Amino acid sequence: MKILIINGPNLNLLGVREPEIYGNLTLQSIEQSVRLEFEKQAEIIFFQSNSEGEIVDKIQDSLKMNVNAIVINAGAYTHTSIAIPDALSGVKIPFIEVHISNTFAREEFRHHSYLSSKATAVIAGLGAHGYSAAVQYFIQKLREKNV
Ligand code: CA2
């Protein structure tokens, strides 16, 4: 079972700036703890890019890579990109949208997401735990389907 975790623009700065919004954990440490938690149950692939096109390419590649589910924090592209949800619809791989912060408690422009209507679920405001919760959900669902 393969689960791809995609992080979008500026999430490589986690733990370095704005800890009051995004916490103290770096993206690397989040990656390490998710891997540790699930290494016996699934192959977890991490990908971060600041570029919309690279994220679209990765989503398209996930078919060749036999990815079963995607967890995506598209960062600010959540609120602007049509290409990313189009790519997700194109590959027809189920995905969960994750946000570290509660986007609904923030500026109005963060309340709308182009991804949410196509997502299996949306998790916002649980910090880094959102990634684990999403992976855990997919592992359980994929097991039920004997993947
Ligand atoms: O809460 C989230 O996870 C967001 O997806 C993060 C995005 C933001 O644009 C979304 O509205 C909500 C921003 C990621 C920027 O991350 C930084 C981390 C540390 C320092 C600066 C930016």
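So, here's what we can say about the structure. (Residues numbered from 1 in each chain as written. Predicted model: local features only at pLDDT ≥ 70, side-chain atom pairs only at ≥ 80, totals over all residues. Heavy atoms only, no water.)

Now for the sheet that holds strand E4 (residues 95–99). The parallel open sheet is built from five strands, whose spatial order is E2-E1-E3-E4-E5. Each edge of the open sheet is held by one strand with a lone partner, namely strand E2 (43–48) and strand E5 (121–124). Neighbour to neighbour, the strand axes of the sheet diverge by 20° on average, direction disregarded. By the bridge criterion, four bridges tie E4 to E5 in an arrangement that is parallel. Its bridge partner being in E5, glutamate 97 is matched across the sheet by valine 122. Running at roughly 165° to strand E3 (residues 69–73), helix H5 (residues 129–144) makes contact with strand E1 (2–7), E2, E3, E4 and E5 of the sheet. (Pairing = 2+ DSSP bridges. Helix = DSSP H or I, 4+ residues; strand = E, 2+ residues; numbered from the N terminus. Axes fitted to C-alpha atoms, helices over the stretch in contact; angles between N-to-C directions. Contact = heavy atoms within 4.5 Å.)

This part covers empty space enclosed by the protein. Picture a little ball the size of a water molecule; that probe, rolled over the atoms, points out where space is still empty. Within this structure, the stated rule accounts for one cavity of 30 Å³ or more. Considered as a void within the structure, the largest cavity measures approximately 40 Å³ in volume. As for the largest cavity, its lining consists of Thr78, His79, Glu97, His99, Thr103, Phe104, Arg110, His111, His112, Ser113, Ser116 and Val122. For the lining of the largest cavity, the class distribution of residues is two nonpolar, eight polar and two charged. (1 Å grid on protein atoms, 1.4 Å probe; cavity = no way out; pocket = protein on both sides within 12 Å on 5 of 7 lines; lining within 4 Å. Points joined across faces, edges and corners; volume = space filled by probe spheres on them. Nonpolar A, V, L, I, M, F, W, Y, C, P; charged D, E, K, R; others polar.)

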